[in-house]
Amino acid sequence: MTPVTRLSGILMPGLVNAHAHSAMTPLRGAGGDLPLLSWLNDVIWPAEARMRPADAYAGMLLGCVEMLQHGITTSAEMYLHGESVVNAALTAGSRILLAPAYFDLPGAGWQSALTAIDKWIDEDGLRFGPGGRVELCYGPHSAYTLPAEALRATAESAAARGALVHIHVAESPAEDQNQRAAHGSVPQLLAEVGLLDGRLLAAHAVHLSDHDVRLLADHGAGVAHCPGSNAKLASGIAGLTALRAGSVAVGLGTDGPASNDDLDLWEEMRLAMMLARATTGDPFALTAKDALLMATRGGAAAVGRQDIGTLSPGTWADMIHIGVDGPHFAAGLDVPDEQLLANLVWAAGSRAVRDVWVAGEQVVADGEPLRVDRVAAQRAVAAAAVHMLQVEP
């Protein structure tokens, strides 16, 4: 573990991004004013079809740099080109839970994707890399892009290996009309195919009934709340207070940098608080303490991990140092806890992150990455964007 000397400020656990597609940095801003399904079908999926492994590596490397600079030490990733994504995360020094994404598409059948994930996990194990930095998961994209047969097969494969299943659930009202008509709701479909019997991370979970919330809670499923992406894509506002009241494990997610458009979990904390208060009329609906816990131990609980999200015996030394010499902390540190947390979450946020460690290794110093040339990473993403979006250089 890297020794720390003369450190002043706040030392706290690294943040856990419970849902991201961080390799999408080359697509940041593309189709930014479109609703979800048009954005996916007309802009994002055609561009991703042109993505090469090198593009995914470049996109993920810059995504990791951005997250680490913002104090995000762990991210639950769902994306293509799994080996490139893993290699980029290991290069940057990030911790990731990778769920290789798969769909039911011509020439890209879910059966071969599922077989490939099975083989990868069986050969490398669920977790590998220095400091256990990589965990392999299953990434069925959603109930509306895969048949029930694929979801059932995923449930069986994941259960046999004790693996997490990371899936989009009820993100927008238009996406899953057929599934709701046939099964009542997406969570009910997930229960029918056995996905709720294992480790499950439901990304977004915006359009849920009270019964859906009870189903998720009763089966111990986690939810990744993504208020920024949901608002930008006009997908809706998730019932966060109902999920929390129902004892569902909820973490915060940025979603991808093309639908957010940043990878800043501090911003998600503020948005979660504002939307929860605005929709309930209750200023106590989500406090700064609640939001900070959602971004740390809440995210860890949502992905089913007990070894991250806190600074305690038996957990990885994933830590961030918050500088307190800026205007956000001008009132000092000897203020009531509520005021200190307010200054940290509402006012300071990612701007105050100075240093970051993952598994005890320092990966950010004074706001800059130690393992990656940030400027070179940005240039690589620019080149990838030209190819993927077919724009004139």
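Residues numbered from 1 in each chain as written. Predicted model: local features only at pLDDT ≥ 70, side-chain atom pairs only at ≥ 80, totals over all residues. Heavy atoms only, no water.

Moving on: the layout of surface pockets. In this approach the atoms are scanned with a rolling probe the size of a water molecule, which exposes any empty space left behind. There is about 490 Å³ of room inside the largest pocket. Taken together, the elements giving at least two residues each to the lining of the largest pocket come down to α1 (36-49), α3 (82-92), β4 (95-102) and α4 (110-124). Residue contributions to the lining of the largest pocket peak at four residues, all from α4. Among the residues making up the lining of the largest pocket, the classes are represented as 15 nonpolar, two polar and two charged. (1 Å grid on protein atoms, 1.4 Å probe; cavity = no way out; pocket = protein on both sides within 12 Å on 5 of 7 lines; lining within 4 Å. Points joined across faces, edges and corners; volume = space filled by probe spheres on them. Helix = DSSP H or I, 4+ residues; strand = E, 2+ residues; numbered from the N terminus. Nonpolar A, V, L, I, M, F, W, Y, C, P; charged D, E, K, R; others polar.)

As a further point, take the sheet that holds strand β15 (residues 368-369). Pairing is antiparallel across the open sheet formed by five strands, whose spatial order is β1-β12-β13-β14-β15. The two strands at the open ends of the sheet, each matched to only one other strand, are β1 (10-13) and β15. Note: strand β12 (residues 319-322) against strand β13 (residues 353-358), four bridges, orientation antiparallel. Residue pairing in the sheet places histidine 321 in a bridge with aspartate 355 of β13. (Pairing = 2+ DSSP bridges.)

This part covers the packing of helix α11 (residues 265-280) against helix α13 (residues 337-348). Where α11 contacts α13, the two axes come as close as 8 Å, and the packing angle between them is 100°. Judged by the inter-axis angle, α11 sits roughly perpendicular to α13. Here α11 contributes Trp266, Met269, Arg270, Met273, Met274 and Arg277 to the contact with α13, which in turn contributes Leu344, Val345 and Trp346. Residue composition of the contact of α11 with α13, grouped by class: seven nonpolar, no polar and two charged. (Axes fitted to C-alpha atoms, helices over the stretch in contact; angles between N-to-C directions. Parallel < 35°, antiparallel > 145°, perpendicular 65-115°, else oblique. Contact = heavy atoms within 4.5 Å.)

A separate point is the packing of aromatic side chains. All told, the structure shown has one aromatic pair when counted by the stated rule. The interplanar angle of 75° and the centroid separation of 5.7 Å between the aromatic rings of tryptophan 45 and phenylalanine 103 together place this pair among those described as edge-to-face. Note that tryptophan 45 is positioned in helix α1 and phenylalanine 103 in the loop between β4 and α4, a separation of 58 residues in sequence. (Phe/Tyr/Trp six-rings, centres within 6.5 Å; stacked < 30°, edge-to-face > 60°.)

Along α1, the largest kink reaches about 30° and is centred on valine 43; proline proline 46 follows within four residues of it. For α1, the complete set of buried residues consists of Leu36, Trp39, Leu40, Val43, Ile44, Ala47 and Glu48. The secondary structure elements touched by the buried residues of α1 are β3 (72-79) and α14 (374-389). (Bend = angle between axes of the 7 residues up to and from the residue. Buried < 20%, exposed > 50% of the residue type's maximum accessible area, 1.4 Å probe, protein only.)

A general feature of soluble globular proteins is that nonpolar side chains tend to end up buried together. Among the nonpolar cores identified, the biggest contains 107 residues, and Met12, Leu15, Tyr138, Leu200, Trp266, Met269 and Ile322 are the most heavily contacted of them. The dominant element in this core, judged by the number of residues it contributes, is helix α2 (residues 53-69), at nine residues. Once residues within four sequence positions are removed from consideration, methionine 12 is found in contact with Trp266, Leu292, Thr296, Leu311, Asp318, Met319, Ile320, Ile322 and Leu344. Leu97, Cys137, Leu164 and Val303 belong to the second-largest nonpolar core, a separate cluster that totals ten residues. (Core = buried A, V, L, I, M, F, W, Y, C linked by side-chain atoms within 4.5 Å.)

Its maximal kink placed at methionine 294, helix α12 (residues 288-302) deviates by approximately 45°. Within α12, eleven of the 15 residues are buried, leaving the element largely enclosed by the surrounding structure. Two residues or fewer past α12, glycine 304 is found with a positive phi of approximately 75°.

What follows covers the environment of arginine 305. With respect to the secondary-structure elements, arginine 305 resides in the loop between α12 and β12. The buried category is assigned to arginine 305, whose relative accessible area is 4%. Spatially, the C-alpha atom of arginine 305 lies 9.8 Å from that of threonine 315, the residues being ten residues apart in sequence. A polar atom in the side chain of arginine 305 sits 2.6 Å from the side chain of glutamate 135. In terms of polar contacts, arginine 305 uses its side chain to reach the side chain of aspartate 307, at 2.7 Å. (Polar contact = N/O pair within 3.5 Å; in protein donor to acceptor, adjacent residues only side chain to side chain.)

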